[in-house]
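Letter by letter, the chains look like this.
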Amino acid sequence: MTDFTVSRYGTDSGGRAIWMTAYMHDWLQGVYTDLGFAPTIVQGAFMTRNGGGASASAGYHDRGGCIDFRIWDLSATQQDKLIRVLREHGAAAWRRDQRHGGMDPHCHIVLGTDSPLAAGAAAQWRQYRLGFDGLASNGPDYEWRPSPLVLTPPVEADVTPEQQAAAVVGRMVRRDQSGLGCGVAAPRRGCRMKRADELSILPSVGMIALGVALLLLARALRAGA
Ligand SMILES: [Zn+2]
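So, how was this worked out
- In this numbering scheme, every chain counts its residues from 1 along its sequence in written order.
- Given that the model is predicted, a residue must reach a pLDDT of at least 70 before its local features are reported, and side-chain atom pairs must reach 80 or more before they are shown or counted; all residues, however, enter totals for whole chains, interfaces and linings.
- Helix and strand definitions follow DSSP, with helices as H or I runs of at least four residues and strands as E runs of at least two, each counted in order from the N terminus.
- What a helix is expected to span follows from its residue count: subtract one and scale by 1.5 Å.
- Around each residue's C-beta, the other C-beta atoms within 10 Å are counted; 20 or more make the residue buried, 12 or fewer make it exposed, and counts in between make it partly exposed. All C-beta atoms are placed from the backbone.
- Taken from the helix axis, the directions to the C-beta atoms give the arc we talk about.
- Note that contacts rest on C-beta atoms placed from the backbone: two residues are in contact if these are within 7 Å.
- Note on terminology: a nonpolar core is a set of buried residues of type Ala, Val, Leu, Ile, Met, Phe, Trp, Tyr or Cys, with members joined through C-beta atoms within 7 Å.

Points about helix α1 (residues 22-35)
So, step 1. With 14 residues, α1 should cover 20 Å at 1.5 Å per step; its first-to-last C-alpha distance of 20 Å lies within 8% of that length.
So, step 2. Within α1 the residues assigned to the buried category are Tyr23, Met24, Trp27, Leu28 and Val31. In an axial view of α1, the angular spread of the buried residues amounts to 125°, which keeps them on one side of the axis. What points out from α1, more than 90 degrees from its buried face, is the exposed set Gln29, Tyr32 and Thr33.
So, step 3. Lining the buried residues of α1 we find β2 (17-21) and α2 (76-88).
So, step 4. Following α1 by one or two positions, Gly36 adopts a phi angle in the positive range, close to 85°.

Rendered as structure tokens:
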């Protein structure tokens, strides 16, 4: 079941608490993974818990779904990727600046599947679906749009079969390193192998080969699916 419990997740760039639902927090982790970086949050959701949002936000951040990211410290390529990944993950996302909304530069997002949304945020989500920019002037969307539009965050398998097999291999290598004076994967300096160690490597190599075979099997299964 989707968990819309609101909790605090750290502090924003202005020193205020960052509030959001557990659902949105989980969703963000997937976004960060695909992005390869985590942008600075300048405003979270449920700003009424901090005594109200910024006046320029017109109440959008009073409830769920809305987060603002800092963009001035991101390259143009990173900014484009940010918009793209957020939208591919099912959120409306726009760069705001003086030209777009008369605001300081930042990225404003609305995750339409979060709950509850403030009335303004729900209206922006509807605007996004219809191809508008989410501003009072009702202009056309000026950011990249997925085709078809992603309105529900894609369901991601927590762990792929490849990752599972790789984790098994990783555990074997680690156990091997701790069990032996001399690790197979990363022999320590000044570590001299004794005959007994050499012998005990043999079954370990067999275990790693088994892990690799598992990995190949997982790939083959996935290719056949
Ligand atoms: Zn915002």
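From this point on, the discussion continues.
Comments concerning the nonpolar core
A general trend in soluble globular proteins is that nonpolar side chains are found buried together.
So, step 1. Among the nonpolar cores identified, the biggest contains 33 residues, and Ile109 and Val110 are the most heavily contacted of them.
So, step 2. With 5 residues, α1 is the single largest residue contributor to this core.
So, step 3. When residues no more than four places from it in sequence are discounted, the contact partners of Val110 are Gly65, Cys66, Ala91, Ala92, Ala121, Gln124, Trp125 and Tyr128.

Here we look at helix α3 (residues 119-130)
So, step 1. Counted at 1.5 Å a residue, the expected span for α3 with its 12 residues is 16 Å, and the 17 Å between its end C-alpha atoms agrees.
So, step 2. Ala121, Gln124, Trp125 and Tyr128 are the residues of α3 that are buried. Here the buried residues of α3 occupy an arc of 100° about the axis, which is enough to place them on one side. Those residues of α3 that are exposed and angled more than 90 degrees off the buried face are Ala119, Arg129 and Leu130.
So, step 3. Its buried side turned inward, α3 meets β4 (66-69), β5 (92-96) and β6 (106-110).
So, step 4. Once α3 finishes, Gly131 follows within two positions and takes phi at roughly 95°, a positive value.

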